Number of protein chains: 4
Amino acid sequence: MTSADLTPQTPAPAAGPEALDAILRDNFAPWIQRLGLRVEEAGERRTVLRLPWSDELAREGGGLSGQAMMAAADTATALAVCAARGGFVPMTTVQQSTTFQRPVSGRDVLVDVRITKLGRTLAFAEITLTAEGATEPAAQATTVYALLG
Amino acid sequence: MTSADLTPQTPAPAAGPEALDAILRDNFAPWIQRLGLRVEEAGERRTVLRLPWSDELAREGGGLSGQAMMAAADTATALAVCAARGGFVPMTTVQQSTTFQRPVSGRDVLVDVRITKLGRTLAFAEITLTAEGATEPAAQATTVYALLG
Amino acid sequence: MTSADLTPQTPAPAAGPEALDAILRDNFAPWIQRLGLRVEEAGERRTVLRLPWSDELAREGGGLSGQAMMAAADTATALAVCAARGGFVPMTTVQQSTTFQRPVSGRDVLVDVRITKLGRTLAFAEITLTAEGATEPAAQATTVYALLG
Amino acid sequence: MTSADLTPQTPAPAAGPEALDAILRDNFAPWIQRLGLRVEEAGERRTVLRLPWSDELAREGGGLSGQAMMAAADTATALAVCAARGGFVPMTTVQQSTTFQRPVSGRDVLVDVRITKLGRTLAFAEITLTAEGATEPAAQATTVYALLG
């Protein structure tokens, strides 16, 4: 691993929420579009997405499916790396670890990504998913991405 | 953690593929139904699902999205626990770790779950996802589930 | 998983640093004692340990071994759960995921644990390991513990 | 990530157990030497180490500490990559995820590593730790390594 710090390799203004929404629309699978994710904040170090509540994402019994939370965390990391680098970057997920801590029902989830290292070839992030209005996390994840360009 | 071994708590014939397909249909989110997962094999220790190729699951560029593979691994674990216990069990994912090793394009993926511990309150599994016809894994995952009944 | 919040089951004053140092001394393996961990802060939600620099923990080349950081994160979680519950609790690690982000050489490491959920049977934590004086993490971990008493 | 398969980049005979024992002795921290790990098998795809039982590694109560199992899994992966590449390779751990499934007491543990991908810059492995004579795993891990040479 390089000792590169969090300075973007190509100094660039971080891509804003609209630019990230466009990257999401253009690069992710149709099945991922169905999550209805929206970018709320975008910055060099921190990006926040909203996962709107939808019965389509709920299991029998009414709880938000863990699969939707994992998918949201992964998608949010990719967009956060784009925000940090100032535009679209080809990349691939290397590893994701997720813990599921509290059920969510009937509420949007905020997906808060912090890029903890942006190296030349690898990026690391931590993601906290919290139901809107709650103070404790529904789930937490760490991700590692390989940057291809 | 208990020292319970892999003997089902309630001795029961493992649920077969048709029973698991019904559990999948009745208990998982509509968004998960869109993956089109089908149960190929079901046993006390090992369950195999097929994730059919679909452009809906592919990113720009044509590769199967990692999110779909994570969701398939989680869903397959839940069904494998039902197979091991001989029917539906209420449960919740505690932790999932996934590594992404090789791209998949244009091919179905086989999702092979091995239950490595079936305790009274926790179940552990390892999952290997392999593109049909390939010999090396596309992704691997480990999962921990809390059993609620 | 229960919906229990972070209120200790048995309301109790969080065990302080000296009490945790004693728990560390009395309950962990001799090989773990060699890490020389010391409790710096102890609270209901957050506990901080210091891993003092030692050549014994360094690989050829002079970098702190990742194994020592994983062991410190696990040990720190156990002590943080004791702090949150107000005394020693029998428990066992269920899962630990660690990412390694920056090398450490010649400096102590601060191991900062935040308990994100303290349920009746499961506890979840996130751990950030940072070289003293650094602003970015050397490593991050998430842990899941089963509480046995 | 590259699409490189498991063929070593520099075709080379896999390093044997004695060569790996020497790499272990020369490159790992003194604290890791105290684990007493020994290489039992070494091959291009699979390497097995023995973690001898020692009271030094046991917690109060007599169980093998999870920290020792995590450290053994990490060390075994590094040696397995060396075996696959035919000699010492500078590398660094990127990520390790470990699940703890069964206690171990009074017995050696076999640490069985399978390299599932050996790319140009990243290697992936799965590790199963089993108490000698047992049929079910004590712990399982997945690891990602960055190869630096």
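Residues numbered from 1 in each chain as written. Chains lettered and ligands numbered in written order. Predicted model: local features only at pLDDT ≥ 70, side-chain atom pairs only at ≥ 80, totals over all residues. Heavy atoms only, no water.

**Looking at the relation of the copies chain B and chain D**
Turning to step 1, where the next piece is worked out: Overlay of chain B on chain D (RMSD 0.0 Å): rotation 180 degrees, translation along the axis 0.0 Å. On the angle and the small slide along the axis, the relation comes out as a two-fold axis. Closest approach to the rotation axis among the C-alpha atoms of chain B is made by Ser97 of chain B, whose C-alpha sits 3.4 Å away.
Turning to step 2, where the next piece is worked out: Mapped onto chain D, 100% of the interface residues of chain B again fall at the interface, so both copies present the same surface. (Least-squares fit on C-alpha atoms with pLDDT ≥ 70 in both. Contact = heavy atoms within 4.5 Å.)

**What about helix H1 (residues 17-27) of chain B?**
Residues and elements named next belong to chain B.
Turning to step 1, where the next piece is worked out: The complete set of buried residues in H1 reads Leu20, Ile23, Leu24 and Asn27. One side of H1 holds all its buried residues, which, seen down the axis, span an arc of 100 degrees. Exposed side chains of H1 directed beyond 90 degrees from the buried face belong to Glu18 and Arg25.
Turning to step 2, where the next piece is worked out: Buried positions along H1 lie against helix H2 (30-33), strand S1 (38-42), strand S2 (46-51) and helix H3 (66-85). (Buried < 20%, exposed > 50% of the residue type's maximum accessible area, 1.4 Å probe, protein only. Helix = DSSP H or I, 4+ residues; strand = E, 2+ residues; numbered from the N terminus. Arc of directions from axis to C-beta.)

**A few points about the confidence of the model for chain A**
All names here are of chain A.
Turning to step 1, where the next piece is worked out: Within chain A, residue pLDDT values average 92, and 91% of them lie at 70 or more.
Turning to step 2, where the next piece is worked out: Throughout residues 1-11 the model reports pLDDT below 50, and contacts reaching past four residues in sequence, or to other chains, amount to 36 contacts.
Turning to step 3, where the next piece is worked out: If you check the scores for this complex, the pTM reads 0.92 and the ipTM reads 0.91. (pLDDT = per-residue confidence, 0-100.)

**Observations concerning the interface of chain A and chain B**
Turning to step 1, where the next piece is worked out: The partner chain B presents 31 residues to the 31 residues of chain A that form the contact.
Turning to step 2, where the next piece is worked out: Taking both sides of the interface into account, the surface hidden between chain A and chain B amounts to around 2700 Å²; carbon and sulfur atoms contribute 55%.
Turning to step 3, where the next piece is worked out: Viewed at the interface, chain B and chain A are joined by zero salt bridges.
Turning to step 4, where the next piece is worked out: Seen at the junction of chain A and chain B, the total is 14 residue pairs in polar contact (both at pLDDT 80 or more).
Turning to step 5, where the next piece is worked out: When contributions to the side of chain A that touches chain B are tallied by element, the ones reaching two or more residues are helix H1 (17-27), helix H2 (30-33), helix H3 (66-85) and strand S3 (91-100) of chain A.
Turning to step 6, where the next piece is worked out: The element contributing the most residues to the side of chain A that touches chain B is S3 of chain A, with nine residues.
Turning to step 7, where the next piece is worked out: Here the residues of the side of chain A that touches chain B are counted per class, giving 14 nonpolar, 10 polar and seven charged.
Turning to step 8, where the next piece is worked out: Alignment of S3 of chain A against strand S3 (residues 91-100) of chain B, held across five bridges, turns out to be antiparallel. When the sheet's bridge partners are listed, Thr99 of chain A is paired in S3 of chain B with Gln95 of chain B. (Buried area = accessible area lost by both parts, 1.4 Å probe. Salt bridge = Lys/Arg side-chain N within 4 Å of Asp/Glu carboxyl O. Polar contact = N/O pair within 3.5 Å; in protein donor to acceptor, adjacent residues only side chain to side chain. Nonpolar A, V, L, I, M, F, W, Y, C, P; charged D, E, K, R; others polar. Pairing = 2+ DSSP bridges.)

**Quick word on the interface of chain B and chain D**
Turning to step 1, where the next piece is worked out: Taken together, the contact pairs 18 residues of chain B with 18 residues of chain D.
Turning to step 2, where the next piece is worked out: Taken together, the two surfaces of chain B and chain D that pack against each other cover about 1600 Å², and 47% of this comes from carbon and sulfur.
Turning to step 3, where the next piece is worked out: Remark: the boundary between chain B and chain D carries two salt bridges.
Turning to step 4, where the next piece is worked out: Among the ionic pairs, Arg45 of chain D bridges to Glu136 of chain B, the shortest N-O distance being 3.0 Å.
Turning to step 5, where the next piece is worked out: Taken together, the links from chain B to chain D amount to 13 residue pairs in polar contact (both at pLDDT 80 or more).
Turning to step 6, where the next piece is worked out: Of all the elements in the fold, those that place two or more residues in the side of chain B that touches chain D are S3, strand S4 (109-118), strand S5 (122-131) and strand S6 (139-147) of chain B.

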